[in-house]
Amino acid sequence: MARFYITTPIYYVNDAPHVGHAYSTVNADALARWHRLIGDDTKFLTGTDEHGQKVADAAAHNSMSPREWTDVTSQRFREAWAALDIRYDDFIRTTEPRHYETVQKFLTAVHDNGYIYKDTYQGLYCVSCEDYYTLESSDEGRCPIHGRVLTEMREENWFFRLSAFEDRLLALYETHPQFVTPETKRNEALAFIKGGLRDISITRTSISWGVPVPWDPDHVFYVWYDALINYLTAVGYGREDDETSTWWPHSHHLIGKEILRFHCVWWPAMCMAAGLEPVSHVQVHGWLLVGGQKLSKTMAAEGGVKLTDIAPVMLTDEFGVDAVRYYLLRETSLGNDGDFSHEGITARYNTDLANNLGNLVARVTTIVASKCDGRGPAPEVDSELRDAAQTAIIDTALAWNRFAPSFALEATWGLIGATNAYLERRAPWKMSPGEELDAVMGNALEAIRLVAILASPAMPAVSANIWWRIGLEGTPSDEEFAQSATWGRYRGAGLIEKGQPLFPRIKAVVE
RNA sequence: GGGGCCGUAGCUCAGUGGUUAGAGCAGGGGACUCAUAAUCCCUGGGUCGUGGGUUCGAUCCCCACCGGCCCUACCA
């Protein structure tokens, strides 16, 4: 049996969950649902990143311990994912004991292998940012954000010998051309490696809210170094319940483009240093832009679109869970930036969901209910709709398999369009009850059944609803794709009734 | 400052070293009336950011520029 292990980034708890987080998570969830559908043994991991000075400060500001604070903030993500029908198999928190154990095991291995050494970190520090800059990344010794002169600081740190992995990373990219997708992002990572790698400081003494360094308890690991390892924590690396060999390295990290360097350069090097094969695939996606602008705290501070204006729950309240999922998956191709707008989601909702899909189900169920005694007739073996169905099945499957949800949904919607056109040609509403009418309606119902299956990774609830409406038992994902997604299997057992519209049209709001 | 990405029809986006560059939506015309004033058919049309270069031929390769953006060691 094939296995599929997919992860999202773990989200920094200081942020409130917003549509950007939802974008990553919905994509990962849909991909996981697709692989479950085709029968893969699937594991879907998400979670929260809870260490670092910012978190400790926020906790103090709210008069809580870091643990109490992260209990609250981590929970917000679980709630957001519940609202979006995210079905993760594991939710990891970096403050969990299992994570401490894996991180310490992993980094001890790196240490034992000679890739960690102690040195003095000299950095330029910005008091406003509370962070270090390199001379190159500064604006001629000034903070690029605040413009103030950076002060030179020194700290005893443990360093990771990243520079030792340049050749091995290049070899990895050479022998695994699919390590990073899409290709433009792969090239970006490759260019960075070719530009030369420097060793990196991976511990801090000035911070206490982190994973202690086992061989030097005055230090904690810097937040990124423990964060990346979460992907291994979840498979039990270095612990009694170790399932690493089951899920690793044939796994997939879905990440946003801004953390490409961590995942495509440091992380494989860290794995190599620990004596572990790197993850096999990193799928990079772009950003959602609001009116062409990045979603950011800065923008909110400047009075632009606020993140809280587009919290996931506000969208699901307005459009429904599956419509939001559909929009996030359909609107932009994974890997490129996309535009997020209220107009955009409204347009997708009305055209793709209400007019095409919802209306198709409504018109078919109406005719069947009134002219076929409410029982779904069987489809024809050689219907002219069959070719369109086959095409949609193949193209949809190929697209999901190559991490391209937008193309998958486009292919699925091709069958919806073909079915609407088919009904126009045959005009069953002009037919009298009988064999001809039954055949047409059976074919249409079969197409709808297939659409429900094909759309189920993106819209699990609506797909199940359609399944029920056309008189079928269970849900579209009960049976493996290879068996269920073949033309001619429709056999409605239950009565077919029209019911309420799946997607009531949304009137344009004049602003 | 350094590295990188993007710039394609009104809008949102696909796409390719080679005959007339695509889809959806919006717009225009027609058909139909089962359906959520939905659907179906036809249709408009864009110097593929600008200027060079390589090539028999470039929107796609190279260089420069303009514009937008990302990374530069905490932001999907």
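Residues numbered from 1 in each chain as written. Chains lettered and ligands numbered in written order. Predicted model: local features only at pLDDT ≥ 70, side-chain atom pairs only at ≥ 80, totals over all residues. Heavy atoms only, no water.

## Details of the protein's contact with RNA strand B
Now for step 1: Contacts to RNA strand B come from 58 residues, most closely from Ser-24, Tyr-222, Glu-258, Trp-287 and Lys-498.
Now for step 2: Here RNA strand B approaches the protein such that, of its atoms within 4 Å, sugar and phosphate make up 66%.
Now for step 3: Ranked by the residues each element gives to the surface near RNA strand B, the list is headed by helix 14 (residues 342-371), at ten residues.
Now for step 4: In terms of residue class, the surface near RNA strand B is made up of 23 nonpolar, 19 polar and 16 charged. (Near = heavy atom within 4 Å. Helix = DSSP H or I, 4+ residues; strand = E, 2+ residues; numbered from the N terminus. Nonpolar A, V, L, I, M, F, W, Y, C, P; charged D, E, K, R; others polar.)

## Describing the domain arrangement of chain A
Now for step 1: One can read the domain layout of chain A as domain 1 (3-314) and domain 2 (343-484).
Now for step 2: Taken together, the 15 residues of domain 1 in the interface contact 15 residues of domain 2.
Now for step 3: Interface area for domain 1 against domain 2, summed over the two sides, is near 1300 Å², with a carbon-plus-sulfur share of 74%.
Now for step 4: For domain 1, the biggest contributors to the area lost against domain 2 are Leu-31, Trp-34 and Leu-37; these three give 50% of the whole.
Now for step 5: Applying the counting rule to domain 1 against domain 2 returns zero salt bridges.
Now for step 6: Seen at the junction of domain 1 and domain 2, the total is two residue pairs in polar contact (both at pLDDT 80 or more). (Domains from an automatic or database assignment. Contact = heavy atoms within 4.5 Å. Buried area = accessible area lost by both parts, 1.4 Å probe. Salt bridge = Lys/Arg side-chain N within 4 Å of Asp/Glu carboxyl O. Polar contact = N/O pair within 3.5 Å; in protein donor to acceptor, adjacent residues only side chain to side chain.)

## Re the packing of aromatic side chains
Now for step 1: Counting across every chain of the model gives 26 aromatic pairs.
Now for step 2: Aromatic pair Tyr-88 and Phe-91: ring centres 5.5 Å apart, planes at 55°, arrangement tilted.
Now for step 3: Ring geometry for Phe-106 against Tyr-237: centres 5.7 Å apart, planes inclined by 65°, an arrangement best described as edge-to-face. Remark: Tyr-237 occurs in the loop between helix 8 (230-233) and helix 9 (244-247) and Phe-106 occurs in helix 4 (residues 97-112); sequence separation between them is 131 residues. For the pair formed by Phe-106 and Tyr-237, the shared burial category is buried. (Phe/Tyr/Trp six-rings, centres within 6.5 Å; stacked < 30°, edge-to-face > 60°. Buried < 20%, exposed > 50% of the residue type's maximum accessible area, 1.4 Å probe, protein only.)

## Details of empty space enclosed by the protein
Now for step 1: A complete count under the given rule lists one cavity of 30 Å³ or more for this structure.
Now for step 2: Approximately 30 Å³ is the volume found for the largest cavity.
Now for step 3: Around the largest cavity sit Phe-106, Leu-107, Val-110, Ile-116, Phe-160, Ile-202, Tyr-225 and Met-270, which together line it.
Now for step 4: Of all the elements, helix 4 adds the most residues to the lining of the largest cavity, at three residues. (1 Å grid on protein atoms, 1.4 Å probe; cavity = no way out; pocket = protein on both sides within 12 Å on 5 of 7 lines; lining within 4 Å. Points joined across faces, edges and corners; volume = space filled by probe spheres on them.)

## What to know about the pairing of strand 3 (residues 41-49)
Now for step 1: Counting buried positions along strand 3 gives eight out of nine residues, so the element sits mostly inside the fold.
Now for step 2: Here five bridges tie strand 1 (residues 3-7) to strand 3, and the two strands are oriented parallel to one another. Across the sheet, Tyr-5 pairs through a bridge with Lys-43, a residue of strand 3.
Now for step 3: Pairing of strand 3 with strand 4 (residues 90-93) involves four bridges; the strand directions are parallel. Bridge pairing links Thr-46 to Phe-91 in strand 4. (Pairing = 2+ DSSP bridges.)

## Thoughts on the environment of Trp-69
Now for step 1: Examined against the element boundaries, Trp-69 turns out to sit in helix 3 (residues 66-83).
Now for step 2: Separated by ten residues in sequence, Trp-69 and Ala-59 place their C-alpha atoms 5.3 Å apart.
Now for step 3: With residues near it in sequence (within four places) discarded, Trp-69 still touches Asn-14, Val-55, Ala-58, Ala-59, Asn-62 and Met-64.

## Things to note about the pattern of salt bridges
Now for step 1: According to the stated counting rule, one finds 20 salt bridges in the structure shown.
Now for step 2: Here Arg-98 and Asp-90 are joined by a salt bridge, their closest N and O atoms 3.0 Å apart.
Now for step 3: The buried category is assigned to Asp-90, whose relative accessible area is 14%.
Now for step 4: Note that Glu-331 is salt-bridged to Arg-348, the shortest N-O span being 2.6 Å. With a gap of 17 residues between them, Glu-331 in the loop between helix 13 (321-330) and strand 16 (338-340) and Arg-348 in helix 14 connect regions that are remote in the sequence.
Now for step 5: The partly exposed category is assigned to Glu-331, whose relative accessible area is 29%.
Now for step 6: Using a relative accessible area of 19% as the deciding quantity, one classes Arg-348 as buried.

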